[in-house]
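# Tertiary structure, described
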Amino acid sequence: MTDDTRPPAGTPYDVAVIGAGVVGSAIARELAGHALSVALLDARDDVGDGTSKANTAILHTGFDAKPGTLESRLVRRGYTLLSAYAEATGIPVERTGALLVAWTREELDALPGLREKAVANGYEHCEPVTAEEVYRQVPALGPGALGGLTVPDESIICTWTTTLALATDALARGARVLLGHRVESVRQNAADPDAPGGTGPTTTLLTSRGPVTARWVVNAAGLGADVLDGLFGHRRFTVTPRRGELLVYDKLARPLADRIVLPVPSKVGKGVLISPTIYGNVMLGPTAEDLTDRTDTGTSESGFAFLLDKGARLMPTLLEEEVTASYAGLRAAIDHGDYLIEPDQDRRYLLVGGIRSTGLTASLAIAEHVRGVLGGAGLALEPRADLPGPPAMPNLGEAFTRPYQDAALIAEDSAYGRVVCFCERVTEGEIRDAFLSPLPPAGLDGLRRRTRVMNGRCQGFYCGARTEALLAGRGAAEPGAGCATRQPSEQSQPSQSREPSEPSQPSESRTPDRPAQERPAQAPAAQDQETST
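## Comments concerning the overall build of the protein
Secondary structure summary: the protein contains twelve helices and 22 strands in total. Each of the 533 residues in the protein was classed as buried or not, and the buried ones make up 59%. Carbon together with sulfur atoms contributes 51% to the accessible area of the protein, which is approximately 20,600 Å² in total.

What follows is the structure, given as structure tokens:
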């Protein structure tokens, strides 16, 4: 954050946003586009390290949302906004399209109603197809499909790059990113007529790294949103951590699934899908298991058995392919049928809760909506005319040119020709750039999300030592060291492109799929981690 936008010592921030996931980062970015001092806090040591990293990574049209809900409206608006933002920043998106497949007479009978729901949501491109057309589009499907419904604009996107881009953008606009700041309690402060910068009441967030004071607080804390809501005196909802386990298949399986294959939703849930990922793999999942432990992102034997059983029916040839990774993520399920975006004007506090997996698609629209709610509640919003351009994000997507394939880039900087991770074709230059970026990784998991290193077949068996050395040196390396001197052969380069689909990304596990597009902006500043008051 630049000095001229940071509040003077002793002056509260205008807004503190709690939760540096995709929604919180989008909100911080939106508010930082106005004449406001903004702080973005997270308990973890990196942005996007919670629920957001385990999203299934589908850019949704919103065709199957409940018409008339806030979620329906914001997902539809968010699809347009995020599509444009991805184009501007280089976030990889593939327009794969999706196909809902009916396997029973009941599911087949439900397809016309789903099409009507799509039209009610403003999406008019769904079309029913016969069983013959289903198998023409996805020949590898198992026997027994009775028909389907096309959703041609469903896409896949990189959720890791999206969150990082939004947080980087917020930082460039002047927001202060405070990581490792777990909110432990809150203190409401009465209006002080002698306080600099205004006389209204403020809130002090007592965090694990010290106090942070703000005039307004936005709760975008995901799995912890209900707990934080309670600190402000509310009991509006309860978050139930819902574990979703997934299997990620090798890139050689990609020809089996060139589009998202969706189940027909039931009262129980949306079910198990098969989807290509932006990183060139194929994903099977997720499960849906309600837990009590909000940190349990471990996989389970029962989850694997369930997915293998489903996969054997949906696409039996997929199970003949190698599994590259398995992981689980937690979704913040709540006892409420819609997004909860509700202000408490007296406390100058805004809840942004109940944001399901559609939050990735809706993130920019949620931020836009939050801006309007805060403005209506009294927050002065003066748009800035001096905003920087959007960040240029590194490309992680297999459908786009990666650094190791770019002869001109390698000629300019040989570090992009020194491959460190051969499974995912990650170069020394990309790892170096990750550490030179405005929001560098705090550790190995963050580095994996920024570069895909160690996310491939061997899961770091061959490149682990080299990666750890680069991690220890914050990306600095001696040219010619280790396997980084080897060059990929032409035969080893991917021969197929990948399209968009909704890849779920794990919370505490390894995944080999993530997109990115362009050389990252390099900046000497890193995320701010000190105490702020």
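## Quick word on the pattern of salt bridges
Following the criterion strictly, the structure yields 34 salt bridges and no others. Put simply, Glu424 and Lys251 hold a salt bridge, and the shortest N to O gap is 3.2 Å. Taken as a pair, Glu424 in the loop between β21 (419-421) and β22 (426-427) and Lys251 in the loop between β13 (239-249) and β14 (260-263) lie far apart in primary sequence, 173 residues in all. A relative accessible area of 17% places Lys251 in the buried class.

## Thoughts on the sheet that holds strand β4 (residues 93-94)
Backbone hydrogen bonds are what pair the strands of a sheet, in a parallel or an antiparallel way. The antiparallel open sheet is built from three strands, whose spatial order is β3-β8-β4. Pairing within the sheet leaves two strands with one partner each, and these edge strands are β3 (58-59) and β4. As judged from the two bridges shared by β4 and strand β8 (residues 155-157), these two strands associate in the antiparallel manner. Residue pairing across strands places Val93 opposite Ile157, the latter belonging to β8.

## Observations concerning the environment of Ala28
Relative to the helices and strands, Ala28 is located in helix α1 (residues 22-31). Each C-alpha atom of the pair Ala28 and Ala367 lies 8.0 Å from the other, and the pair is 339 residues apart in sequence. Leave out the neighbours within four places in its chain, and Ala28 touches Val17, Val38, Leu40 and Ala170.

## A look at the packing of aromatic side chains
Applying the stated rule across the entire model yields three aromatic pairs. Ring geometry for Trp160 versus Tyr279: centroids 5.3 Å apart, planes at 20°, classification stacked. Note that Trp160 is positioned in helix α5 (residues 159-172) and Tyr279 in the loop between β15 (273-276) and β16 (282-285), a separation of 119 residues in sequence. Each member of the pair, Trp160 as well as Tyr279, is classed as buried. Relative to Tyr462, the ring of Phe461 has its centre 5.0 Å away and its plane inclined at 85°; by these criteria the two rings are edge-to-face. Side by side, Phe461 and Tyr462 carry an identical accessibility label, which is exposed.

## With respect to unusual backbone geometry
Here the bond from Gly285 into Pro286 is cis, since omega is 0°, no more than 30 degrees from zero. With respect to the element layout, Pro286 can be found in the loop between β16 and β17 (289-290). Although it is not a glycine, Ala57 adopts a positive phi angle of roughly 60°. Locating Ala57 in the fold gives a position in the loop between β2 (38-42) and β3. The phi dihedral of Gln459 is positive, around 50°, even though this residue is not glycine. A residue is classified by how much of its surface remains accessible, and Gln459, at 17% relative accessible area, is buried.

## A word on the side chain of Asp413
With respect to the element layout, Asp413 can be found in the loop between α9 (407-412) and β21. Only 2.9 Å separates the side chain of Asp413 from the side chain of Arg432, close enough to count as a polar contact.

## Some remarks on helix α2 (residues 70-89)
Its 20 residues give α2 an end-to-end C-alpha distance of 27 Å, which sits within 8% of 28 Å, the value for a rise of 1.5 Å per residue. In the structure, α2 departs most strongly from a straight axis at Gly78, where the bend amounts to approximately 25°. Within the span of α2, buried status applies to Leu70, Glu71, Ser72, Leu74, Val75, Gly78, Tyr79, Leu82, Ser83, Tyr85, Ala86 and Thr89. Positive backbone phi, at 90°, marks Gly90, one or two positions downstream of α2.

## A short note on the nonpolar core
Side chains of nonpolar character tend, in soluble globular proteins, to be buried together. In this structure, Val17, Ile27, Tyr339, Ile341, Val352 and Ile366 are the most contacted members of the largest nonpolar core, which totals 55 residues. For Val17, the residues in contact, after removing those within four places along its chain, are Gly24, Ile27, Ala28, Leu31, Val38, Ala39, Leu40, Leu41 and Val218. If you look at the next biggest cluster of nonpolar residues, it comprises 28 residues, including Leu100, Ile156, Val264 and Tyr327.

## Section: the pairing of strand β12 (residues 210-219)
Working note: regular strand, side chains alternate between the two faces of the sheet. Across the ten residues of β12, nine count as buried, placing the element largely inside the fold. With five bridges connecting them, strand β1 (residues 13-18) and β12 associate as parallel partners. Directly across from Val15, in β12, lies its bridge partner Trp216. Remark: two residues form the turn of the hairpin made by strand β11 (residues 202-207) and β12, two consecutive strands paired antiparallel. Alignment of β12 against strand β20 (residues 349-353), held across three bridges, turns out to be parallel. Paired with Asn219 across the two strands is Leu351, which belongs to β20.

The rules behind these values
- Residues numbered from 1 in each chain as written.
- Predicted model: local features only at pLDDT ≥ 70, side-chain atom pairs only at ≥ 80, totals over all residues.
- Heavy atoms only, no water.
- Helix = DSSP H or I, 4+ residues; strand = E, 2+ residues; numbered from the N terminus.
- Buried < 20%, exposed > 50% of the residue type's maximum accessible area, 1.4 Å probe, protein only.
- Areas by Shrake-Rupley, 256 points an atom, 1.4 Å probe, with all protein chains shown as cover.
- Salt bridge = Lys/Arg side-chain N within 4 Å of Asp/Glu carboxyl O.
- Pairing = 2+ DSSP bridges.
- Contact = heavy atoms within 4.5 Å.
- Phe/Tyr/Trp six-rings, centres within 6.5 Å; stacked < 30°, edge-to-face > 60°.
- Polar contact = N/O pair within 3.5 Å; in protein donor to acceptor, adjacent residues only side chain to side chain.
- Expected span 1.5 Å × (residues − 1).
- Bend = angle between axes of the 7 residues up to and from the residue.
- Core = buried A, V, L, I, M, F, W, Y, C linked by side-chain atoms within 4.5 Å.

That's the geometry; what it means functionally is another story.
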